[in-house]
Amino acid sequence: MKIDKLDYYGRGILKFNNKVIFVENALKDEDIEIKIIKENKKYNEAVVTKYNNKSDIRVTPKCRYYDICGGCNISHIKDLSQEEFKENKIKELFRNFYVDEYKKIEYNTFYNYRYKIVLHIKKDKIGLYKKSSNDLIEIDKCLLVHNKINDVIKVLKEVVKRETNLNKATIKLGNITNEVMLILEGRINDYSELLKVVDVLIINDKKITKKDYIISKIGNMKYKISKNSFFQVNPYITEKIYNDIGKTIKKLNSKNVLDLYCGTGTIGIYISLLVDKVIGIEVVSDAVDDAKYNRKINNIDNISFILGKVEAKINDTYKDIDTVIVDPPRNGLHKNVIEVINKLKVKNIIYISCNPITLVRDIELLKDNYNINYIKPYDMFPNTYHVECVCLLKRKN
Ligand SMILES: C[S@@+](CC[C@H](N)C(=O)[O-])C[C@H]1O[C@@H](n2cnc3c(N)ncnc32)[C@H](O)[C@@H]1O
């Protein structure tokens, strides 16, 4: 069999007897022998049993858990070809739209870029889940996370050998400050070893250390991150995105900005000095508390935050808004939000998306009123098929 192209998830695609077959770990033009592992009505899934010829863009993955771990999916592709795959994925998804400009993808380091990891614990083992399952694979370290996080994993591995009632561990690291937060779920008798390697320890919502938050720095801004608040996992790319949003805001001469799905107020605060007024809306109350704290420690006074669901809080009273920034979770924008934005006739929408499939779906509902000025992809998650995008939409007429 020969692979025709890759799908959005990095799997090889080929057609046989008019049926599509998705093949794990197979690249374009590779000549392979396959075994069907799952038959569905419209498509089959297969694995490679033999490579007769391998692609030039294939590399040996650096991680020894790669074949079984569900964390990464395109580590068998050369770095720059991963970027090409992501750029093509965006162009393919937007093939039915007119886009004024496709900007080049922005990327940085391919390993040690993550400042957060969620680990599962089963009895005396800690690790990540296997591909498409809840089976645990024990790991010593993860090549995607910062080494300071791997140092904590090393200690945790020893701790779980004697503490067998833990279920989950989340580790967050502050950019520049290097502060470490560890959140444990389950029961533990002795955590003294852990206190030597973390700054903040929270066990089942209870803070053990005096402090219950860490600080991260992006550009000149400081941000408080607490247990439940979202923060981008890759600070190198986050800074590039925020700087680019700042440049766009300047170019647009934006004055009054809505920052929807604002988390800890990160983007709004970052661009606040460039505009007259920002209003942020966010549903997680801890994140809004953090946002208010962040406003204070950065000496910003032209930003306010509203707690609640964007779809419930956004309404047509925001008449003076010229620019809306939206940064929704993977499932994209709520239909009400799109409806209100369409009605408000705001001049510009800056859409930050971690899921281009829902981005396209949402733009479909905005396209009668907005042109796509540019799309810029960012490799926030190297070695995975995920791609972050910023898209500027400008009101027609
Ligand atoms: C991708 S994060 C972006 C956060 C922030 N803009 C940043 O860059 O750090 C999405 C945020 O939307 C929030 N969120 C999810 N659903 C929401 C909703 N229906 N209304 C308001 N906020 C929501 C999440 O809690 C999260 O903070």
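Small disclaimer: the values here were computed from a predicted structure and weren't measured. (Residues numbered from 1 in each chain as written. Predicted model: local features only at pLDDT ≥ 70, side-chain atom pairs only at ≥ 80, totals over all residues. Heavy atoms only, no water.)

**Comments concerning the packing of helix α1 (residues 79-93) against helix α9 (residues 356-364)**
Okay, so step 1: Between α1 and α9, the shortest axis-to-axis distance is 10 Å and the interhelical angle comes to 25°. With respect to α9, the axis of α1 lies roughly parallel. For the pair α1 and α9, the crossing hand works out as right-handed. Contact with α1, carried on its side by Lys89, Ile90 and Leu93, involves Pro356, Ile357 and Val360 of α9 and no other residues of that element.
Okay, so step 2: Considering only residue class, the contact of α1 with α9 consists of five nonpolar, no polar and one charged. (Axes fitted to C-alpha atoms, helices over the stretch in contact; angles between N-to-C directions. Helix = DSSP H or I, 4+ residues; strand = E, 2+ residues; numbered from the N terminus. Parallel < 35°, antiparallel > 145°, perpendicular 65-115°, else oblique. Left-handed = near helix turned anticlockwise from the far one by under 90°. Contact = heavy atoms within 4.5 Å. Nonpolar A, V, L, I, M, F, W, Y, C, P; charged D, E, K, R; others polar.)

**Here we look at the domain arrangement of the protein**
Okay, so step 1: Along its sequence, the protein is carved into domain 1 (5-58), domain 2 (82-109 + 234-395) and domain 3 (116-217).
Okay, so step 2: Between domain 2 and domain 3, the C-alpha centre-to-centre distance is 31 Å.
Okay, so step 3: In this assembly, five residues from domain 2 lie in contact with four residues from domain 3.
Okay, so step 4: Summing both partners gives a buried area of about 340 Å² for domain 2 against domain 3, and 64% of it is carried by carbon and sulfur.
Okay, so step 5: The interface formed by domain 2 and domain 3 holds zero salt bridges in total.
Okay, so step 6: A breakdown of the residues in the side of domain 2 that touches domain 3 according to their chemical character gives four nonpolar, one polar and no charged. (Domains from an automatic or database assignment. Buried area = accessible area lost by both parts, 1.4 Å probe. Salt bridge = Lys/Arg side-chain N within 4 Å of Asp/Glu carboxyl O.)

**Some thoughts on the pairing of strand β16 (residues 256-260)**
Okay, so step 1: The element β16 is extensively covered by neighbouring structure, given that five of its five residues are classed as buried.
Okay, so step 2: Burial along β16 is two-sided: Asn256, Leu258 and Leu260 and Val257 and Asp259, pointing in opposite directions, are all buried.
Okay, so step 3: Remark: the β16/helix α5 (residues 266-271)/strand β17 (residues 277-282) crossover connection has right-handed handedness. (Buried < 20%, exposed > 50% of the residue type's maximum accessible area, 1.4 Å probe, protein only. Right-handed = clockwise from strand over helix to strand, strands pointing away.)

**Section: the site of the ligand**
Okay, so step 1: Near the ligand you find 18 residues, and of these Tyr261, Thr266, Glu282, Val310 and Asp327 are the closest.
Okay, so step 2: Tyrosine 261 places a polar main-chain atom, nitrogen or oxygen, 3.1 Å from a nitrogen atom of the ligand.
Okay, so step 3: Aspartate 327 is positioned with one of its side-chain polar atoms (N or O) 2.9 Å from a nitrogen atom of the ligand.
Okay, so step 4: Look at the ligand: alone it shows 590 Å² of surface, and the protein chains cover 88% of it.
Okay, so step 5: At the level of secondary structure, the elements contributing two or more residues to the shell around the ligand comprise α5 and α7 (310-313).
Okay, so step 6: A class-by-class count of the residues in the shell around the ligand yields ten nonpolar, four polar and four charged. (Near = heavy atom within 4 Å. Polar contact = N/O pair within 3.5 Å; in protein donor to acceptor, adjacent residues only side chain to side chain. Areas by Shrake-Rupley, 256 points an atom, 1.4 Å probe, with all protein chains shown as cover.)

**So, the pairing of strand β15 (residues 221-226)**
Okay, so step 1: When you tally the buried positions in β15, you get five out of six residues, the bulk of the element.
Okay, so step 2: Across six bridges, the pairing between strand β14 (residues 213-218) and β15 is antiparallel. Residue isoleucine 218 lies in a different strand from β15, and its bridge partner there is methionine 221. (Pairing = 2+ DSSP bridges.)

**Concerning the layout of surface pockets**
Okay, so step 1: Roughly 550 Å³ of internal volume is contained in the second largest pocket.
Okay, so step 2: As for the second largest pocket, its lining consists of 21 residues, and the residues nearest its centre are Lys5, Leu6, Lys28, Phe85 and Asn88.
Okay, so step 3: Sorting the residues of the lining of the second largest pocket by element identifies β1 (5-6) and α1 as the ones contributing at least two each.
Okay, so step 4: Element by element, the count of residues in the lining of the second largest pocket is highest for α1, at six residues.
Okay, so step 5: Here the lining of the second largest pocket is built from residues that sort into eight nonpolar, four polar and nine charged.
Okay, so step 6: Here the lining of the second largest pocket spans two domains, and each of domain 1 (5-58) and domain 2 (82-109 + 234-395) adds at least three residues to it. (1 Å grid on protein atoms, 1.4 Å probe; cavity = no way out; pocket = protein on both sides within 12 Å on 5 of 7 lines; lining within 4 Å. Points joined across faces, edges and corners; volume = space filled by probe spheres on them.)

**Some remarks on the sheet that holds strand β22 (residues 388-395)**
Okay, so step 1: With mixed pairing, eight strands are arranged side by side in an open sheet as β6-β21-β22-β20-β19-β16-β17-β18. Single-partner strands in this sheet number two, and they are β6 (99-102) and β18 (303-307). For this sheet the average axis-to-axis angle between neighbouring strands, irrespective of direction, equals 15°.

**So, empty space enclosed by the protein**
Over the atoms, a rolled probe matching the size of one water molecule traces out where space is still vacant.
Okay, so step 1: Counting across every chain of the model gives one cavity of 30 Å³ or more.
Okay, so step 2: Taken as a whole, the largest cavity holds about 110 Å³ of empty space.
Okay, so step 3: Lining the largest cavity are 13 residues, and of these Tyr115, Leu173, Ile225, Phe231 and Gln232 lie nearest its centre.
Okay, so step 4: Across the lining of the largest cavity, the residue classes tally to seven nonpolar, four polar and two charged.

**Description of the sheet that holds strand β7 (residues 116-122)**
Okay, so step 1: If you trace the seven strands from one edge of the open sheet to the other, you get β9-β8-β7-β10-β11-β12-β13, paired in mixed fashion. Of all strands in the sheet, those bounded by a partner on one side alone are β9 (136-138) and β13 (206-207).
Okay, so step 2: Inspection of the sheet shows β7 paired to strand β10 (residues 166-173) by five bridges, in the antiparallel sense. Pairing of valine 118 across the sheet is with threonine 170, part of β10.

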